[in-house]
Amino acid sequence: MPAQAVVDELVHKRRNTMHLRYEFAGAQRQAEVGCWEVYLAAGSPVRIWVNPKDPEDFVTDFGILSGHRGRLQGEVGAAGLVLSGWMALAVIARGYQRQRDRRRRDWQRQQHGQRQRQFTNARAGTKRKPSSRQRNQD
C-alpha cells in the first residue's frame, strides 16, 4: 500500500544510509535504506509502498528495499555474480583442457601409427647387418 515517508537523517559511514520515518496502520515507524544512487537531504519526502502483512517491509519510489532485506538481496546478488564468474572461468578452462587432451591423443595416435608401420613394413631377416656381396645384375 502506498505511504509517505520522510528522510530523518543521512548517515555517511562505511556505507551510506538514509533513515526514514513513516506512519502506517496508525503506528509511527522508522527504518533504514541503503543509498547508492539517490541521496536525499534530511526532511525530504519519499513515497514508499508498504507490505500490509509486514509493515517493516517496503520499497521506495526509486526502487530500494527496506533495511536488512535490501542488504541481503545485494549480498546474494554479489555472491551470484562471483559464482557465475567462477563458473565461466571453469567452462573456459575445461575447453582449454579438452583441446590440450585432444592434441595429446592425436600425437599419441600418430606415434602409435608410426611404430605400427615400422614393424609391419619390416621384412624377416632384415634385422641382421646387410650383406656386402654384390647381386648379380643378369
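Residues numbered from 1 in each chain as written. Predicted model: local features only at pLDDT ≥ 70, side-chain atom pairs only at ≥ 80, totals over all residues. Heavy atoms only, no water.

## Re the overall build of the chain
Here comes step 1: Helices and strands together make up the secondary structure of the chain, namely 1 helix and 5 strands.
Here comes step 2: The buried share among the 138 residues of the chain stands at 20%.
Here comes step 3: A separation of at least 24 residues holds for 44% of the contacts in the chain among residues at least 6 apart in sequence.
Here comes step 4: When the accessible surface of the chain is totalled, it reaches about 11500 Å², and 52% of it is carbon and sulfur. (Helix = DSSP H or I, 4+ residues; strand = E, 2+ residues; numbered from the N terminus. Buried < 20%, exposed > 50% of the residue type's maximum accessible area, 1.4 Å probe, protein only. Contact = heavy atoms within 4.5 Å. Areas by Shrake-Rupley, 256 points an atom, 1.4 Å probe, with all protein chains shown as cover.)

## Focus: the environment of Ser66
Here comes step 1: Locating Ser66 in the fold gives a position in the loop between strand 5 (54–60) and helix 1 (67–121).
Here comes step 2: Classification of Ser66 as buried rests on a relative accessible area of 5%.
Here comes step 3: Between the C-alpha atoms of Ser66 and Glu56, which are 10 residues apart in sequence, the distance is 7.5 Å.
Here comes step 4: Ignoring sequence-local partners within four residues, the contact set of Ser66 consists of Glu32, Val33, Glu56, Asp57 and Phe58.

## A short note on the nonpolar core
Here comes step 1: Leu20, Tyr22, Val33, Ile48, Val50 and Phe58 are the most contacted members of the largest nonpolar core, which has 15 residues in total.
Here comes step 2: Among the secondary structure elements, those contributing two or more residues to this core are strand 1 (2–12), strand 2 (16–24), strand 3 (27–34) and strand 4 (45–51).
Here comes step 3: No other element matches strand 2, which puts 4 residues into this core. (Core = buried A, V, L, I, M, F, W, Y, C linked by side-chain atoms within 4.5 Å.)

## Quick look at the side chain of Arg29
Here comes step 1: For Arg29, the position within the fold is in strand 3.
Here comes step 2: Residue class for Arg29 comes out buried when judged on its relative accessible area of 18%.
Here comes step 3: Sequence-distant contacts of Arg29, defined by excluding residues within four places in its chain, comprise Leu20, Arg21, Tyr22, Phe24, Pro55 and Glu56.

## Digging into a nonpolar patch on the surface
Here comes step 1: On the surface, Val82, Trp86 and Leu89 cluster together into a nonpolar patch covering about 360 Å² of accessible area.
Here comes step 2: Relative to the elements of secondary structure, Leu89 occurs in helix 1. (Patch = residues over 30% accessible without salt bridge, like charges linked within 9 Å, V, L, I, M, F, W, Y side chains within 5 Å. Salt bridge = Lys/Arg side-chain N within 4 Å of Asp/Glu carboxyl O.)

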